[in-house]
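# What the coordinates show
What follows is the residue order along each chain.
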Amino acid sequence: MTSHPSKKPRIAFLGTGAQGASIGADFVLAGHDVTFIEQWPDHVNAIRANGITVNLPTRTINAKVAALHLCEVAEVKEPFDLVFLVVKAYDTKWATQLVEPVLAKDGLVIGLQNGMTHEDIAAIVGRERTIGAVIEIASNMFVPGVTNRQNDHDTSWFALGALDPETQKRVEPVAELLRCTGTVEVTDDIRSAKWMKLVVNAAELIPSAIVNLPLGDAARSPGMLEVMRAAGYEAMQAAIADGAKIVPIIGMPPVTTNHPERYVDQIFEEVLTVFSQADTLTTSLQDWRKGRRAEIQEVNGWVIDTLKAHGHAAPVNQRVVELAYEIEARTRDACPENAALLIEIYQSSTRAS
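This text gives an overview of the structure that appears in the document. Since we're looking at a predicted model, the values are computed, not measured.

## Regarding the overall build of the protein chain
Within the protein chain one finds 13 helices and 12 strands. C-alpha atoms of the protein chain, sized along the principal axes, occupy 60 × 40 × 35 Å. Here the protein chain, with 353 residues, has 57% of them falling under the buried criterion. Within the protein chain, counting contacts between residues at least 6 apart in sequence, those at least 24 apart form 70% of the total. Per element, the accessible surface of the protein chain, about 14500 Å² overall, is 51% carbon and sulfur.

Shown next as structure tokens:
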């Protein structure tokens, strides 16, 4: 990992909410040198007092781990070899700037995040020190020191890939570390893989949050599956316009269709049936229920802007974004009745095409 191959890499998890805490706990229990860096003071204090507890579908684990408040990063004396960034996409820039001074000169930042955050990371630490990642795990956290992970290792999936071809040979050792928490694939086209994840995120995250329902319930609500798929279709159009390839993710078999919309249907179905539980709330709905903002611009907004740059509209994603910002501005409630507004724009766009 560094110039001292016999030495354990120093690993930091910056962002130890529902996802970061559960992954980091697996690293600790696997014997790795791990430090948590977290912005929620009560969470840090709870971890210091009782360790991090992870409730999995059939078992509970607890790991004792060093935990730092953000303000204590300036006190770090020995640099980190690996930093796993598990913060919201909109927090990427400042979080990367925070850890850049304590990242080893040949250290790596791995962005376990939604959205196309790899470029934001690279702009701060350099492309040669950036590894892009795709993550598929359903988790939630409402109590400090305790995270609830709905996917055990057998249904937790990651993809890793370097931005700089010279760094690609360093990805496999990082993947091997990450395999303590799930299935990890190494790809030489992480940009396309991240676009494929954004496609399914555009379909599921904000649309299901707007109707204030668990993901599965939202998809089963009359008319909503078509709306959610349509948001994904527009996202796939954006991906292709941006030069991405249709590549398999989340453990799906090699792509056997060159029909973009059919592939969106397949990947969305995989998420619904394999990676979701009956009560799975998307991260966006969790954010809203906690009074936090969601990754609106970083997912659905990204689709709109990308298609606009290529002379195309994204009417379904546009309506998703409009309603989402109204909810965040508290001029509208997230509720099942909002489905009618999404269905209306879907039907209108279908007639227009």
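Here the narrative resumes, following the displayed structure.
## Some remarks on the packing of aromatic side chains
What the rule picks out here adds up to four aromatic pairs. With 5.0 Å between their ring centres and 10 degrees between their planes, Phe13 and Phe84 make a pair best called stacked. Placement of Phe13 in strand 1 (residues 10–14) and of Phe84 in strand 6 (residues 80–85) is noted, with a sequence separation of 71 residues between them. Neither Phe13 nor Phe84 differs from the other in exposure class; each is buried. These aromatic residues form a ring-pair network of at least three members: Phe13, Phe27, Phe36 and Phe84. Between the NZ or CZ atom of Lys290 and the centre of the ring of Phe142, over which it lies, the distance is 5.2 Å. Residue placement shows Arg293 over the ring face of Tyr90; its charged tip is 3.8 Å from the ring centre.

## Topic: the sheet that holds strand 8 (residues 130–136)
Think of a sheet as strands paired side by side through backbone hydrogen bonds, with each pair either parallel or antiparallel. In space, the eight strands of this open sheet follow the order 5-2-1-6-7-8-11-12, with mixed pairing throughout. With one partner strand each, in any of the chains shown, strand 5 (66–69) and strand 12 (183–186) form the two edges of the open sheet. In this sheet, adjacent strand axes meet at a mean angle of 25 degrees when their direction is disregarded. Pairing analysis gives five bridges linking strand 6 to strand 7 (residues 103–111), with the strands arranged parallel.

## So, the side chain of Thr167
Along the polypeptide, Thr167 turns up in the loop between strand 11 (157–162) and helix 5 (171–178). In this view, Thr167 contacts Leu108, Arg127, Glu128 and Ala162; residues no more than four positions away in its chain are not counted.

## A word on the pairing of strand 8
Most of strand 8 sits inside the fold, with seven of its seven residues counted as buried. The sheet contact formed by strand 7 and strand 8 spans three bridges and is parallel. Note that in strand 8 the partner of Gly111 across the bridge is Gly132.

## Examining the sheet that holds strand 10 (residues 146–149)
Ordered in space as 4-3-10-9, the four strands form an open sheet in which the pairing is mixed. Single-partner strands in this sheet number two, and they are strand 4 (60–63) and strand 9 (139–143). Along the sheet, successive strands turn relative to each other by an average axial angle of 20 degrees, direction set aside. Inspection of the sheet shows strand 3 (residues 52–55) paired to strand 10 by three bridges, in the parallel sense. Across the sheet, the residue bridging to Thr53 is Val146, located in strand 10.

## What to know about the layout of surface pockets
The volume enclosed by the largest pocket comes to roughly 880 Å³. Lining the largest pocket are 41 residues, with Ala18, Gln19, Lys88, Thr283 and Asp287 sitting closest to its centre. Breaking the lining of the largest pocket down by element, the ones donating at least two residues are helix 1 (18–29), strand 8, strand 9, helix 6 (190–210) and helix 10 (283–289). Across the lining of the largest pocket, the residue classes break down as 15 nonpolar, 17 polar and nine charged.

What counts and what doesn't
Residues numbered from 1 in each chain as written. Predicted model: local features only at pLDDT ≥ 70, side-chain atom pairs only at ≥ 80, totals over all residues. Heavy atoms only, no water. Helix = DSSP H or I, 4+ residues; strand = E, 2+ residues; numbered from the N terminus. Buried < 20%, exposed > 50% of the residue type's maximum accessible area, 1.4 Å probe, protein only. Contact = heavy atoms within 4.5 Å. Areas by Shrake-Rupley, 256 points an atom, 1.4 Å probe, with all protein chains shown as cover. Phe/Tyr/Trp six-rings, centres within 6.5 Å; stacked < 30°, edge-to-face > 60°. Lys NZ or Arg CZ within 6 Å of the ring centre and 35° of its normal. Pairing = 2+ DSSP bridges. Axes fitted to C-alpha atoms, helices over the stretch in contact; angles between N-to-C directions. 1 Å grid on protein atoms, 1.4 Å probe; cavity = no way out; pocket = protein on both sides within 12 Å on 5 of 7 lines; lining within 4 Å. Points joined across faces, edges and corners; volume = space filled by probe spheres on them. Nonpolar A, V, L, I, M, F, W, Y, C, P; charged D, E, K, R; others polar.

Everything listed is a geometric property; what it means functionally is a separate question.
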